Amino acid sequence: MARSLVIKVTAGADAPERCNQAFNVAAAALASGVPVSLWLTGEASWFALPGRAKEFALPHAAPLTDLLDAVLAAGRVTLCTQCAARREITVDDVIEGVRIAGAPTFVEEVTAEGVQALVY
């Protein structure tokens, strides 16, 4: 069985380097043929909304919107249920292709055989 990555990003504009690293690793892994599930939690939850990734800027880094588009095209993007609720984000608000799921789904993904979990 091939290995896959589950990447949980907890940082947003509050910690831009850590945030960008998570998205960059996710996109790089997908480009290398590694299956990726990217979880948006904490301040990264805002990137599930249309246009929010375009507002993010980090010098000498790939645009976050490009990285998110790459993950949406070839991987899976999930917004944490509780994080969404705390920010009053609903399924009707998110970018097409983003699902909302909770801790049981996250645990199921990270405990599957051949999975490597990374948290940023």
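Shown above is the structure to which this text applies.
This write-up is about the structure you can find in this document. (Residues numbered from 1 in each chain as written. Predicted model: local features only at pLDDT ≥ 70, side-chain atom pairs only at ≥ 80, totals over all residues. Heavy atoms only, no water.)

In this section: unusual backbone geometry. Positive phi, close to 65 degrees, is recorded for His-60, a residue that is not glycine. With respect to the helices, strands and loops of the structure, His-60 is situated in the loop between α2 (52-55) and α3 (64-74). A relative accessible area of 88% means that His-60 is categorised as exposed. Even without being glycine, Glu-88 reaches a positive phi, approximately 55 degrees. Among the secondary structure elements, Glu-88 is positioned in the loop between α4 (81-86) and β4 (98-101). With relative accessibility at 69%, the residue Glu-88 sits in the exposed group. (Helix = DSSP H or I, 4+ residues; strand = E, 2+ residues; numbered from the N terminus. Buried < 20%, exposed > 50% of the residue type's maximum accessible area, 1.4 Å probe, protein only.)

Under the criterion given, the structure shown has three salt bridges. Residue Glu-43 pairs with Arg-87 through a salt bridge whose shortest N-O separation is 3.2 Å. On the criterion of sequence distance, the pair formed by Glu-43 in the loop between β2 (36-40) and α2 and Arg-87 in the loop between α4 and β4 is long-range, its members being 44 residues apart. Overall, Arg-87 belongs to the buried group, its relative accessible area being 18%. Through salt bridges with shared partners, a single network forms among Arg-76, Arg-99 and Glu-109. (Salt bridge = Lys/Arg side-chain N within 4 Å of Asp/Glu carboxyl O.)

Read across the open sheet, the five strands follow the order β4-β3-β2-β1-β5; overall the sheet is parallel. Each edge of the open sheet is held by one strand with a lone partner, namely β4 and β5 (115-119). If you compare each strand with its neighbour and ignore which way they point, the axes differ by 25 degrees on average. In this sheet, β4 lies alongside strand β3 (residues 76-80) in parallel orientation, the contact comprising four bridges. (Pairing = 2+ DSSP bridges. Axes fitted to C-alpha atoms, helices over the stretch in contact; angles between N-to-C directions.)

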